[in-house]
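Summary of structural features
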Amino acid sequence: MRVLLVKPCWPYPISHEESTYNRIWPPISLAYAAALLEENGIEANILDAHAERLTGKHLSPRLRGFDKIFITS
């Protein structure tokens, strides 16, 4: 089974006053979840759409070929 764990892209404003929201943080919780899945024999992949700034039509081609897709909130 192939599983994809997705961190969605959030449209944060880009300005000096709100620089905290523009930072790209690694999805550590998704890495932990992927490790647990792989320990149980499930192929796990992570897609950080926020870091790659993938939205809509650019994101959908990357979702193909997986048995399960989980999107974080």
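Residues numbered from 1 in each chain as written. Predicted model: local features only at pLDDT ≥ 70, side-chain atom pairs only at ≥ 80, totals over all residues. Heavy atoms only, no water.

Turning our attention to unusual backbone geometry. Of note in this structure, Arg53 is not a glycine but carries a positive phi near 55°. Take Arg53: it is sitting in the loop between helix H2 (49-52) and helix H3 (56-59). What makes Arg53 partly exposed here is its relative accessible area of 41%. (Helix = DSSP H or I, 4+ residues; strand = E, 2+ residues; numbered from the N terminus. Buried < 20%, exposed > 50% of the residue type's maximum accessible area, 1.4 Å probe, protein only.)

Another point: the packing of aromatic side chains. Enumeration according to the criterion identifies zero aromatic pairs in this entry. The ring of Phe66 has Arg2 lying over it, and the distance from NZ or CZ to the ring centre is 4.4 Å. (Phe/Tyr/Trp six-rings, centres within 6.5 Å; stacked < 30°, edge-to-face > 60°. Lys NZ or Arg CZ within 6 Å of the ring centre and 35° of its normal.)

Our next topic: the sheet that holds strand E2 (residues 43-48). In a beta sheet, neighbouring strands are held together by backbone hydrogen bonds and run either parallel or antiparallel to one another. Ordered in space as E2-E1-E3, the three strands form an open sheet in which the pairing is parallel. Two strands bound the open sheet, and with one partner strand each, they are E2 and strand E3 (68-71). Mean inter-strand twist for the sheet, computed between neighbouring axes without regard to direction, equals 20°. Bridge analysis of strand E1 (residues 2-7) against E3 gives four bridges, and the strand direction is parallel. In the strand pairing of E3, Leu4 is matched with Ile69. The sheet contacts of helix H1 (residues 28-39) involve E1 and E2, and relative to E1 the element is tilted by about 170°. (Pairing = 2+ DSSP bridges. Axes fitted to C-alpha atoms, helices over the stretch in contact; angles between N-to-C directions. Contact = heavy atoms within 4.5 Å.)

The next point concerns H1. Relative to the 16 Å expected for twelve residues at 1.5 Å per residue, H1 spans 17 Å between its end C-alpha atoms, a close match to the ideal helical length. Downstream of H1 by a residue or two, Gly41 has a phi angle that is positive, lying close to 80°. (Expected span 1.5 Å × (residues − 1).)

Once that is clear, we can look at the nonpolar core. Leu4, Val6, Cys9, Leu47, Ala49, Leu54, Leu59 and Phe66 together form the largest nonpolar core, which totals eight residues. Aside from chain neighbours lying at most four places away, what touches Phe66 is Arg2, Val3, Leu4 and Asn45. Listed in part, the five residues of the second largest apolar core include Val3, Leu5, Leu30 and Ala34. (Core = buried A, V, L, I, M, F, W, Y, C linked by side-chain atoms within 4.5 Å.)

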